[in-house]
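# A closer look at the structure
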Amino acid sequence: MSSVSATIQQVFNEPGCAKNQNKSEAEKKKGCTKQLQPGGAAGGCAFDGAKIALQPLTDVAHLVHGPIACEGNSWDNRGARSSGSQIWRTGFTTDINETDVVFGGEKRLFKSIKEIIEKYDPPAVFVYQTCVPAMIGDDIDAVCKAAKEKFGTPVIPINSPGFVGPKNLGNKLAGEAILEHVIGTEEPDYTTPYDINIIGEYNLSGELWQVKPLLDELGIRILACISGDGRYKDVASSHRAKAAMMVCSKAMINVARKMEERYDIPFFEGSFYGIQDSSDSLREIARMLIERGADPELMDRTEALIEREEAKAWAAIAKFKDRFKDKKVLLITGGVKSWSVVAALQEAGLELVGTSVKKSTKEDKERIKELMGQDAHMIDDMTPREMYKMLKDAKADIMLSGGRSQFIALKAAMPWLDINQERHHAYMGYIGMVKLVEEIDKALYNPIWEQVRKPAPWDNPANNWQNRAIAQMEAEAAALAADPVAAEKARRAKKICNCKSVDLGTIEDAIKAHSLTTVEGVKTHTNASGGCGACSGRIEDIFEALGVAEPAPADPVLAEAARRAKKVCNCKSVTVGTIEDAVAAGASNLAEVTARTEAGSGCGKCGERIEDMLDELVAPLGTPAALVAAE
Amino acid sequence: MAKFVQAKKSCAVNPLKMSQPIGGALAFMGLRGAMPLLHGSQGCTSFGLVLFVRHFKEAIPLQTTAMSEVATVLGGYENVEQAILNIYNRTKPEIIGICSTGVTETKGDDVDGYIKLIREKYPQLADFPLVYVSTPDFKDAFQDGWEKTVAKIVEVLVKKPAPDAPKNPKRVNVLPGCHLQPGDLDELRCILEDFGLEPSFLPDLAGSLDGHIPDDFTPTTIGGIGVDEVATMGEAAWTIAIGSQMKTAAEAMQKKTGTPYRLFERLCGLGPNDEFFMFLSEISGREVPRRYRRQRGQLVDAMLDAHFHLGGRKLAIGAEPDLLFDVASALHEMGTHITAAVTTTQSPVFEKLPCDEVLLGDLEDLETLAKERGCDLLLTHSHGRQAADRLNIPFYRIGIPMFDRIGSGHKMTVGYRGTRDLMFTLANMCIADHEQNHDATPDTWKNPWDGDGHGHGATIAATPAGAPDLGPAPSTAHH
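In this text the structure is predicted, and so the values were computed from the model without any measurement. (Residues numbered from 1 in each chain as written. Chains lettered and ligands numbered in written order. Predicted model: local features only at pLDDT ≥ 70, side-chain atom pairs only at ≥ 80, totals over all residues. Heavy atoms only, no water.)

Moving on, we come to the packing of aromatic side chains. With the rule as written, the count across this model stands at 19 aromatic pairs over all chains. Relative to Phe277(B), the ring of Phe195(B) lies with its centre 6.2 Å away and its plane at 50°, an arrangement referred to as tilted. Here Phe195(B) is found in the loop between helix H8 (182-194) and strand E7 (198-201), whereas its partner Phe277(B) is found in helix H12 (residues 270-284), with 82 residues between them in sequence. Using a relative accessible area of 1% as the deciding quantity, one classes Phe195(B) as buried. In this structure an aromatic cluster arises from ring pairing among Trp458(A), Phe195(B), Trp238(B), Phe264(B), Phe276(B), Phe277(B), Phe279(B), Tyr292(B) and Tyr416(B). Sitting over the ring of Tyr190(A), Arg221(A) keeps its end group 4.1 Å from the ring centre. (Phe/Tyr/Trp six-rings, centres within 6.5 Å; stacked < 30°, edge-to-face > 60°. Helix = DSSP H or I, 4+ residues; strand = E, 2+ residues; numbered from the N terminus. Buried < 20%, exposed > 50% of the residue type's maximum accessible area, 1.4 Å probe, protein only. Lys NZ or Arg CZ within 6 Å of the ring centre and 35° of its normal.)

Following this line, the structure appears as structure tokens:
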């Protein structure tokens, strides 16, 4: 097994990854090696993901080992900002040629590293492996090792050739690389009880600087930001931080969790998007630092700062509430930050008509539901036509999304705001929220919309693409309404599993024919959820719709074992059984459960679940817990 | 909509305005074989000449009656007589256009009377095209000089058609305002010809000052519309006037020849061009050619791409009325706020300008307002460069003079294509400005609530989006 696949295995044993937890053992083994659907894939590759995750390290020379496509077509395209070195934006690539492909590119790589060190003298060189040299067997680990020995500069191999999987996997592979080769290799000049790491923050548009002054004011030092505006030495000595905040909910969870494991740095998952989230995150940072030995007066200062900043932000936002009255937002992030943006927009008085959950994990979706109410209209893989219809039906006044879907909004002549990484504005912290609101206002009331919505005077307005699309959809809907057989056919034709192309009808038939009750069973019979596994939630919904309940296994002992084996805390791998035992042994509140089992001491997301369990378990007789306790 | 306000000061500092005689002289330069003649002291002409040379980077035909102190006191008949004779004999012009200046108007020279006497005295000049316009420096501005001169050319040089003479449906008179550059006229000619129309531009700077290499040397204008063609403009079925300043000339044309006119106050922007192209389609009986349909689509797309960068910008603009109205309105439609507008002379178009007030003032006023109101985009002629330096905001040159850049004559803002290119250029300047001056640094948000935490110096305390001209939330934000 090559080191890349070994690393991938490690990544997919990630207990902190909620998506991963939804997969079976076999699925996890497969990791993200699942083939993207040819002809239907649009995301970036693992190399892209790795580069995105690490490139914001500003003083590192990022050398891409591969043909010109990998770096030549993509360099200097990130919106991160540096407060110092600009070498991170310099495009370095080995630009391998035909001869290299035949005879191997290792020599060229070694020489490239040599030239970079001679000309630019960076504190480190990161070498990114790409598909072609991986195919021809270039051993970048060996080259990096040799180069490091020869030149005395750390040369870090990032093994993430594009074909191993999607961007998200690349993020994690990048994390593994710095865990293995960078973190803990140097010592900080000094430490304080107020040192934190921020993990998964890229300083896009300089947004970290919207928050850093607040931390500065509180005397909290960002020992290392991984990776926005980060420096090699900071990351190398980041193992001395007292606590960590993980910003992007998925991208670098492995780094946060393994740093906790190896260096005893507790972390929490937080966000600086939105007023409430910013306050919560500041509080949590203060709380964790105090727990790790900082002076408790830090909390008083933090609260005072929060009160002041919130008041100012609210005052600034209040001015927009009238202008946003009855304005609706369609949010399509294609990313995991949906939930944090939802909260932020609601704070500004905007009504959300939907949000995309394309890449969000189940847990993200739950949060969105929580914030928006159960009837939230989540848009999973909307087609451009549908997206247009939604905008057109005046259900939305503005669309907020990543760069890719902008063209639908813009061609539909609908206000649009970029909220993904390609954006030009920074939206973090209290001031960032106000900035976001300002930008929404600007987009909503730009007079350009009246202009561009006017059809060309020589056009028959009935015949433009917008109206054709609407007419077509209405005709289809009418045809279906008139023909129940066709309607049923259309309903059944809805794709549930995109990876394996399995539709609703096939799954329903399989459930009925084989009396299936589990996602696993559906997979055996239809292959649905055999790819990325993201559709398992949708399959569960089908069970619910069909009224199929998971039956108790015939063997009550097995059933009980299965029930007890269910994970409650993903970060610390704590099961229902362990927690029940702890309660039986006397733990009566969350803190005590955490103290005994470690459950809830990771990201803390399972706190509510544990509270729910406590409510049940601490109740009198008749509950399973009482039975367990009695045994 | 905009209130017209006069600056309350005596001393103009860093003038925006130029004088009306040279506006008149420029109009004459759009005639073939023309020699404009300023009736005034040498300096009046020399300054105008240098100004045009620096703008167009071309040889400029411009003569002077070279009024001396004595001549000024005693009256300028001899000077006018000598000047006309000299020009007539030496440069063999097809037309001499005479504009009065401050000195001769102050004295009260009766140039119309002089010309009558000269024609009587010199038979060779009896029917020679001589057009005189009264353009005192101390009144009005450059644009007014142009306006009066074109109207006068129409009155004097266009022949009154016979009462029953049929109109030529293909012929169209185009009366462009002085806010259009030769490049604009080239574009318009191309558009009209694509509709199968035969345009006569009066004046036609594209023929004379488009910076082409002439076939032979001539001290007069090297191109432009011929006096013979001007004479037959009454045959045209339509007159298209561009810019509100051209209404006077268009009305003169209608009065004299019966040719109806259509005034297009703007040709920059989507809506104005939709109207323009549909009008051409109507009068030509042809469909809008494919290339322009496509250009319209390109403009819409350009507007969408550019609005991210132009939306919310605060514009400080200093220009003559028609230019200001045209460009500022087009930018307003992109979401730019017209925050400071300074102009040179009164005009009815300001009633339609979407901003609070237009100040009759100078570049000092513009700079002060731009600073006070936090403008972050400056549009004016080249003399705005010092203000732009001090304000450190992106600066785009419009109008005359544009002496510190080349190719000024080929800048183009009309049509779908001209609008598209203007929006791209301005948006790119804003992007560059952001990169160079407003990129985030660790200190950008150090004191975010003090006002400068928003990238462009917008203050939180201001009304939402700093958009006073937006008024209350429109009730129909879409459809």
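What follows is about the side chain of Ser227(A). Structurally, the position occupied by Ser227(A) is in strand E6 (residues 221-227). With residues up to four places along the chain from it excluded, the contact list for Ser227(A) reads Ala53(A), Leu54(A), Pro56(A), Leu57(A), Glu201(A) and Tyr202(A). (Contact = heavy atoms within 4.5 Å.)

Throughout the structure, instances matching the rule amount to 56 salt bridges over all chains. With its nearest N and O atoms 2.8 Å apart, the salt bridge here joins Arg564(A) to Asp581(A). Within this pair, whereas Arg564(A) is found in helix H27 (residues 556-565), its partner Asp581(A) is found in helix H28 (residues 576-584), the two being separated by 17 residues in sequence. Judged by its relative accessible area of 36%, Asp581(A) is partly exposed. Glu287(B) serves as the salt-bridge partner of Arg293(B), at 3.5 Å between the closest nitrogen and oxygen. A residue is classified by how much of its surface remains accessible, and Glu287(B), at 62% relative accessible area, is exposed. Because the salt bridges share partners, they merge into one network encompassing Lys435(A), Glu438(A), Glu439(A) and Lys442(A). (Salt bridge = Lys/Arg side-chain N within 4 Å of Asp/Glu carboxyl O.)

Residue and element names in this part refer to chain B. If you trace the 4 strands from one edge of the open sheet to the other, you get E3-E2-E4-E5, paired in parallel fashion. If you trace the sheet from one side to the other, it starts and ends with strand E3 (63-64) and strand E5 (130-133), each paired once. With 4 bridges joining them, strand E4 (residues 95-100) and E5 adopt parallel strand pairing. Looking at the pairing, isoleucine 96 lines up with leucine 130 of E5. Along the sheet, helix H7 (residues 142-157) makes contact with E4 and E5, crossing E5 at roughly 140°. (Pairing = 2+ DSSP bridges. Axes fitted to C-alpha atoms, helices over the stretch in contact; angles between N-to-C directions.)

What follows covers the packing of helix H7 (residues 106-120) of chain A against helix H9 (residues 140-151) of chain A. Residue and element names in this part refer to chain A. Here H7 crosses H9 at 35°, and the two axes come no closer than 10 Å. As for how H7 packs across H9, the hand of that crossing is right-handed. When H7 is examined against H9, the residues Glu106, Leu109, Phe110, Ile113, Lys114 and Ile117 are found in contact with a partner set consisting of Ile140, Val143, Ala146, Ala147, Lys150 and Phe151. Of the residues in the contact of H7 with H9, the class split is 9 nonpolar, no polar and 3 charged. (Left-handed = near helix turned anticlockwise from the far one by under 90°. Nonpolar A, V, L, I, M, F, W, Y, C, P; charged D, E, K, R; others polar.)

Residues and elements named next belong to chain B. The predicted model of chain B has a mean per-residue pLDDT of 91, with 94% of residues at 70 or higher. Considering only residues more than four positions removed or in separate chains, one finds that residues 452-479, a stretch of pLDDT under 50, has 59 contacts. In the model output, the complex is listed with pTM 0.77 alongside ipTM 0.74. (pLDDT = per-residue confidence, 0-100.)

Turning next to the sheet that holds strand E1 (residues 61-65) of chain A. Residue and element names in this part refer to chain A. The strand order across the open sheet formed by 4 strands is E2-E1-E3-E4, and the pairing between neighbours is parallel. Two strands in the sheet have a free side with no partner beyond their single neighbour: strand E2 (92-93) and strand E4 (155-158). In this sheet, E4 lies alongside strand E3 (residues 125-129) in parallel orientation, the contact comprising 4 bridges. Considered in E4, the bridge of valine 127 is made with proline 157. Contacts from H7 reach E1, E2, E3 and E4 within the one sheet, and its direction differs from that of E1 by about 160°. Contacts between H9 and the sheet are confined to E1, E3 and E4, with E4 contributing the most and set at about 170° to the helix.

Residue and element names in this part refer to chain B. On the secondary structure map, aspartate 137 appears in the loop between E5 and H7. As a C-alpha pair, aspartate 137 and phenylalanine 201 span 64 residues in sequence and 27 Å in three-dimensional space. In this structure aspartate 137 touches Ser19, Pro21, Thr101 and Gly102, once residues within four positions along its chain are discounted. Of note is the side chain of aspartate 137, whose polar atom sits 3.4 Å from the side chain of serine 19. (Polar contact = N/O pair within 3.5 Å; in protein donor to acceptor, adjacent residues only side chain to side chain.)

A few words on the environment of Ser68(B). Summarising the element assignment, Ser68(B) is placed in the loop between E3 and helix H3 (69-74). Among the polar contacts listed, one links the side chain of Ser68(B) to the backbone nitrogen of Ala71(B), at a separation of 3.1 Å.

Here the focus is the packing of H28(A) against helix H29 (residues 590-597) of chain A. All names here are of chain A. Contact geometry for H28 and H29: axes closest at 10 Å, N-to-C directions at 115°. Between H28 and H29, the angle is such that the two are roughly perpendicular. Considering how the two elements wind past one another, H28 and H29 form a crossing that is right-handed. Along the contact surface, H28 presents Thr578, Ile579, Ala582 and Val583, while H29 presents Val593, Arg596 and Thr597. (Parallel < 35°, antiparallel > 145°, perpendicular 65-115°, else oblique.)

On to unusual backbone geometry. Note the cis peptide between Ile226(A) and Ser227(A), where omega equals 15°. For the bond running from Leu202(B) to Pro203(B), omega is -10°, close enough to zero to count as cis. Not every positive phi belongs to a glycine, and Asp229(A) is a case in point at roughly 50°. Within the element layout of this structure, Asp229(A) appears in the loop between E6 and helix H12 (232-236). Accessibility expressed as a relative area gives 11% for Asp229(A), which makes it buried. A positive phi angle, close to 50°, is found at Ala66(B), a residue other than glycine. The residue Ala66(B) is located in the loop between E3 and H3 in this model. What makes Ala66(B) partly exposed here is its relative accessible area of 35%.

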